[in-house]
Amino acid sequence: MFKRHKSLASERKRALLSQRATRFILKDDMRNFHFLSKLVLSAGPLRPTPAVKHSKTTHFEIEILDAQTRKQICILDKVTQSSTIHDVKQKFHKACPKWYPSRVGLQLECGGPFLKDYITIQSIAASSIVTLYATDLGQQVSWTTVFLAEYTGPLLIYLLFYLRIPCIYDGKESARRLRHPVVHLACFCHCIHYIRYLLETLFVHKVSAGHTPLKNLIMSCAFYWGFTSWIAYYINHPLYTPPSFGNRQITVSAINFLICEAGNHFINVMLSHPNHTGNNACFPSPNYNPFTWMFFLVSCPNYTYEIGSWISFTVMTQTLPVGIFTLLMSIQMSLWAQKKHKIYLRKFNSYIHRKSAMIPFIL
Amino acid sequence: MAAAAATAAVKGNGGGGWLVIAVGLVRAYLAKGSYHSLYYSIEKPLKFFQTGALLEILHCAIGIVPSSVVLTSFQVMSRVFLIWAVTHSVKEVQSEDSVLLFVIAWTITEIIRYSFYTFSLLNHLPYLIKWARYTLFIVLYPMGVSGELLTIYAALPFVRQAGLYSISLPNKYNFSFDYYAFLILIMISYIPIFPQLYFHMIHQRRKILSHTEEHKKFE
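These numbers were taken from a predicted model, which means no experiment stands behind them.

Q: Hey, could you run me through the pattern of salt bridges in this one?
A: Here the idea is simple: oppositely charged side chains can pair when their charged atoms come close. Applying the stated criterion to the full structure yields eight salt bridges over all chains. For the salt bridge of A:Glu200 with A:Arg196, the shortest nitrogen-to-oxygen distance reads 2.9 Å. Remark: A:Arg196 and A:Glu200 occur in helix H7 (residues 181-204); sequence separation between them is four residues, near one turn of the helix. Take A:Glu200 and A:Arg196: they sit in the same class, and that class is buried. For B:Arg113, the salt bridge goes to B:Glu56, with nearest N and O atoms at 3.6 Å. Within this pair, whereas B:Arg113 is found in helix H5 (residues 97-121), its partner B:Glu56 is found in helix H3 (residues 54-62), the two being separated by 57 residues in sequence. Taken individually, B:Arg113 and B:Glu56 each receive the classification buried, so the pair is uniform in this respect.

Q: What is the right way to look at the interface of chain A and chain B in this model?
A: Many structure descriptions define interface size as the accessible area lost when the parts assemble. With 12 residues of chain A at the contact, the number on the chain B side is eight residues. The largest share of the area that chain A buries against chain B comes from A:Tyr234, A:Leu239 and A:Gln318, three residues that together contribute 49% of it. Remark: the boundary between chain A and chain B carries zero salt bridges. Scanning the region where chain A abuts chain B turns up six residue pairs in polar contact (both at pLDDT 80 or more). When contributions to the side of chain A that touches chain B are tallied by element, the ones reaching two or more residues are helix H8 (214-235) and helix H11 (320-347) of chain A. Looking at the side of chain A that touches chain B residue by residue, the classes come out as six nonpolar, six polar and no charged.

Q: Please explain the side chain of A:Gln249 as it appears in this structure.
A: Residue and element names in this part refer to chain A. Mapped onto the elements, Gln249 comes out in helix H9 (residues 246-271). For Gln249, a relative accessible area of 13% puts it in the buried group. When residues no more than four places from it in sequence are discounted, the contact partners of Gln249 are Pro243, Ser244, Val315 and Gln318.

Q: Would you take a moment to explain the nonpolar core for this structure?
A: Proteins that are soluble and globular tend to have nonpolar side chains buried together. A:Tyr158, A:Tyr194, A:Ile235, A:Phe313, A:Met316 and A:Phe325 are the most contacted members of the largest nonpolar core, which totals 38 residues. Elements represented by at least two residues in this core include exactly helix H5 (143-162), H7, H8, H9, helix H10 (301-317) and H11 of chain A. By residue number, the principal contributor to this core is H7(A), which donates nine residues. Residues in contact with A:Phe313, not counting those within four places in the same chain, are A:Tyr158, A:Ala186, A:Cys189, A:His190, A:Ile235, A:Phe257 and A:Val322. The next biggest cluster of nonpolar side chains, apart from the first, holds 36 residues, and it includes B:Val80, B:Val90, B:Val93 and B:Tyr114.

Q: I'm lost on the packing of H9(A) against H10(A) in this one. Help?
A: The angle between the axes and the distance between the axes are what describe a pair of packed helices. Residue and element names in this part refer to chain A. Running from amino to carboxyl end, H9 crosses H10 at an angle of 160°, the nearest separation of the two axes being 8 Å. One way to sum up the angle between H9 and H10 is to call them roughly antiparallel. Our pair here, H9 against H10, has a crossing hand that is left-handed.

Q: Quick question: what am I supposed to make of the packing of aromatic side chains here?
A: A ring pair, where both rings are aromatic, is described by two values, the distance of the centres and the angle of the planes. For the structure on display, the rule yields 39 aromatic pairs over all chains. Taking 6.0 Å as the distance between ring centres and 35° as the angle between the ring planes, the aromatic pair formed by A:Phe223 and A:Phe325 counts as tilted. With A:Phe223 in helix H8 and A:Phe325 in helix H11, this residue pair connects regions lying 102 residues apart in the sequence. A residue is classified by how much of its surface remains accessible, and A:Phe325, at 0% relative accessible area, is buried. When the ring centre of A:Tyr169 is taken as origin, the NZ or CZ atom of A:Arg164, which lies over that ring, is 5.9 Å away. Its guanidinium or amino end placed over the ring of B:Tyr114, B:Arg113 lies 5.4 Å from that ring's centre, counting from NZ or CZ.

Q: Would you explain helix H4 (residues 69-88) of chain B in this entry?
A: Owing to its 3.6 residues per turn, the α-helix brings residues three or four apart onto one side. Compared with the 28 Å implied by 1.5 Å per residue over 20 residues, the 26 Å span of H4(B) between its first and last C-alpha is a close match. A maximum bend of about 25° is found in H4(B) at B:Leu82.

Q: I'm lost on the pairing of strand S2 (residues 72-79) of chain A in this one. Help?
A: Side chains on a regular strand alternate between the two faces of the sheet. All names here are of chain A. As defined by bridge partners, strand S1 (residues 60-66) adjoins S2 across five bridges and the pair is classed as antiparallel. Residue Ile62 lies in a different strand from S2, and its bridge partner there is Leu76. Hairpin connection of S1 to S2: five residues between the antiparallel strands, including Arg70 at a positive phi of 60°.

Q: Where do I start with unusual backbone geometry in this structure?
A: Comment: phi is negative for the bulk of residues other than glycine, and the bulk of peptide bonds are trans. Backbone torsion omega between B:Leu169 and B:Pro170 reads -10°, so that peptide bond is classified as cis. Residue position: B:Pro170 is located in the loop between helix H7 (137-162) and helix H8 (179-218). The backbone of A:Lys78 shows a phi angle near 55°, a positive value even though the residue is not glycine. Turning to its location among the elements, A:Lys78 is positioned in strand S2. Its identity as a non-glycine residue notwithstanding, B:Asn174 has a phi of 50°, on the positive side. Considering the arrangement of structural elements, one finds B:Asn174 in the loop between H7 and H8. Note on B:Asn174: relative accessible area 0%, which makes it buried.

The rules we used
- Residues numbered from 1 in each chain as written.
- Chains lettered and ligands numbered in written order.
- Predicted model: local features only at pLDDT ≥ 70, side-chain atom pairs only at ≥ 80, totals over all residues.
- Heavy atoms only, no water.
- Salt bridge = Lys/Arg side-chain N within 4 Å of Asp/Glu carboxyl O.
- Helix = DSSP H or I, 4+ residues; strand = E, 2+ residues; numbered from the N terminus.
- Buried < 20%, exposed > 50% of the residue type's maximum accessible area, 1.4 Å probe, protein only.
- Contact = heavy atoms within 4.5 Å.
- Buried area = accessible area lost by both parts, 1.4 Å probe.
- Polar contact = N/O pair within 3.5 Å; in protein donor to acceptor, adjacent residues only side chain to side chain.
- Nonpolar A, V, L, I, M, F, W, Y, C, P; charged D, E, K, R; others polar.
- Core = buried A, V, L, I, M, F, W, Y, C linked by side-chain atoms within 4.5 Å.
- Axes fitted to C-alpha atoms, helices over the stretch in contact; angles between N-to-C directions.
- Parallel < 35°, antiparallel > 145°, perpendicular 65-115°, else oblique.
- Left-handed = near helix turned anticlockwise from the far one by under 90°.
- Phe/Tyr/Trp six-rings, centres within 6.5 Å; stacked < 30°, edge-to-face > 60°.
- Lys NZ or Arg CZ within 6 Å of the ring centre and 35° of its normal.
- Expected span 1.5 Å × (residues − 1).
- Bend = angle between axes of the 7 residues up to and from the residue.
- Pairing = 2+ DSSP bridges.

See below:
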């Protein structure tokens, strides 16, 4: 862009020169043809002077400083009014190739919040020169990758334990005892749960924020994989004890599990509808589907149904480690639900306050 | 203001408590003539005052004390675990010398730490106490850790024999817990955690003691 400035200026100079040359000739007819020809030749290509358009849109100039060293990294100019932070990050990457757009966090001031990608420059600019601080956020991973890794792991790990690989369990014990049908049912339910998650991640969910640090991927994978191994070890153990109340307990909880899974699925489909994603979410309204009637009572029925599934699974297998896992997941999900509930309350004035965040009438 | 006064009182009490333990140790040593099996003479005050340190976590959570909640709760929990789940539960271990090792290390550390806090709250901190707090740990910390590890190691065979705190399959809730394996896991966890805490303290030392020296130079 800088080079173009230079060429424009020199072009203007040459154009002016040529104009002066023609005036000379008019005043003093053919004074010196040689002189004239020299001038014309040295003046370069004769072009009409481009009219300098005073554009109505002002261009911004963005100065990007390193957040830690406060040194200037580069200056981006000719940034249009309607550009967003996302465009700025792309330009920044073109100017300085080692700053990848997904790894850069831009702040208005050091220690301030990171600016989201959809924010326009116009809304944050105080003048035509904007100063932003850039931080390297470290290795980033897309949310889709995180979800896929998180959910494929448990699926495969549980199956490994189900197949009773000799190095985990004692071979002779495993061969001797017949397995109670609930063990097969538990494997089936567990697989359905995670296959549904995977399919929803691939085809249903629309993820708004693009990336997350690598550390999050590792921690959440460790949590899910670790707990699934712990659970699967006990359920598929040769010394597994079936539930105390027998078939009644198993069938009731299995039916409950399926109901909650269906409910969760329908809610997710509804939430991914174009009107309801991102920050322009208007609150989804219940329709003819009975599973969506939970929306009357609760802000985040997807979490309600998920907790329901896990509680049914716990009751079905009557295994304490599953109960511990359910408890931890419930705590985590209730925190997320509270946050979302507060956002809804703040955003929608006509929001019905008698709704609870996750568990009807209680939480 | 009231909170600060209350905290100063609690810290003073805590420091007093550990002084009681120190005095108890010395008296027992002089009475018995040997340093073996001194645990029994200070058993009750030790349990009382170390368990009372759980309040510290509360103090950090409320914000009266500027230390981090995670680090403090970690340290307090590990100490409480050692006193109740290892030394108290496995009676055969109580006559070991390693118990004396960590009790002495804790006593000296705690007396210095509590007086540091008390004097800080009264805004009259002698340099000697600050120096002691940030220097003596270099010897006391490894001493305490060795005492703890040796005690846990000594407790292992008794835990295995008695099946202490362990649940095995099959049972109604399909759960099992092996306390022996758990203790071994704890011993292994000292390997990554101890160097981190140790070097964190050394880093703190360099920061705080050099800061004070600079202040002195300008005065």
